[in-house]
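Close look at the chain arrangement
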Amino acid sequence: MAKKDERLSLPALGEYYDDLLIVDAWINNRTKATQGQSLLCAKLQEREPRVRDRVEYLAQKRGVSASELWLQILKGEAQKISPADIEEEAS
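Residues numbered from 1 in each chain as written. Predicted model: local features only at pLDDT ≥ 70, side-chain atom pairs only at ≥ 80, totals over all residues. Heavy atoms only, no water.

Let's talk about the overall build of the protein
Per the secondary structure count, the protein includes four helices and zero strands. Taken from the N to the C terminus, the helices and strands of the protein come in the order α-α-α-α. For 91 residues, the compact-globule estimate of 2.2 N^0.38 gives 12 Å, and the protein exceeds it by more than 25% at 19 Å. Referenced to the eigenvectors of the C-alpha coordinate spread, the extents of the protein come out at roughly 60 × 40 × 20 Å. Separation between the mean location of the 14 positive side-chain charges and that of the 16 negative ones in the protein comes to 4 Å. (Helix = DSSP H or I, 4+ residues; strand = E, 2+ residues; numbered from the N terminus. Rg over C-alpha atoms; globule rule 2.2 N^0.38 Å. Lys, Arg positive; Asp, Glu negative; His and termini not counted. Charge placed at Lys NZ, Arg CZ, Asp CG, Glu CD.)

Structure follows, in C-alpha cells:
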C-alpha cells in the first residue's frame, strides 16, 4: 500500500519572505522546509488560545459544544451559517 503524502503545499512566499526564510534556515543550520515547518508550528502554538476561543464562540452560536464543532471541522463536516439560519434557530 502506498504511503499517504502528508506534506503541506503552500503558495510562493514572495521574494522578500523567501529570502528571509533562506537566511533564517541557514542561520539555524536547517533546510528551508524544516525551518518553515518550525516557524509555522511556533506561530500556531502562539495562536492556539485565540483559535480555541473562536471555536467556542462559533460552537455556542450553533448550539453545540466546542469539542463537537472542533471534530466537525476536522472531519470536514462543519458548515458556515447565515443570519437567516440564526433567525430560524431563534424562532
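With respect to the packing of aromatic side chains
Taken as a whole, this structure holds one aromatic pair when the rule is applied. Note that Arg 52 overlies the ring of Trp 70, its terminal NZ or CZ placed 4.4 Å from the centroid. (Phe/Tyr/Trp six-rings, centres within 6.5 Å; stacked < 30°, edge-to-face > 60°. Lys NZ or Arg CZ within 6 Å of the ring centre and 35° of its normal.)

Describing helix 2 (residues 32-62)
Along helix 2, the sharpest change in direction is near 50° and occurs at Arg 47; proline Pro 49 comes one to four residues later. All of the buried residues along helix 2 are Gln 35, Val 55 and Ala 59. For helix 2, the secondary structure elements touched by its buried residues are helix 1 (15-27) and helix 3 (66-75). (Bend = angle between axes of the 7 residues up to and from the residue. Buried < 20%, exposed > 50% of the residue type's maximum accessible area, 1.4 Å probe, protein only. Contact = heavy atoms within 4.5 Å.)

Section: the side chain of Gln 35
Along the chain, Gln 35 falls in helix 2. You can call Gln 35 buried: its relative accessible area is 4%. Side chain to side chain, Gln 35 and Asp 24 meet in a polar contact 2.7 Å long. Contact partners of Gln 35, with chain neighbours within four places excluded, come to Leu 21, Asp 24, Ala 25, Asn 28 and Arg 30. (Polar contact = N/O pair within 3.5 Å; in protein donor to acceptor, adjacent residues only side chain to side chain.)

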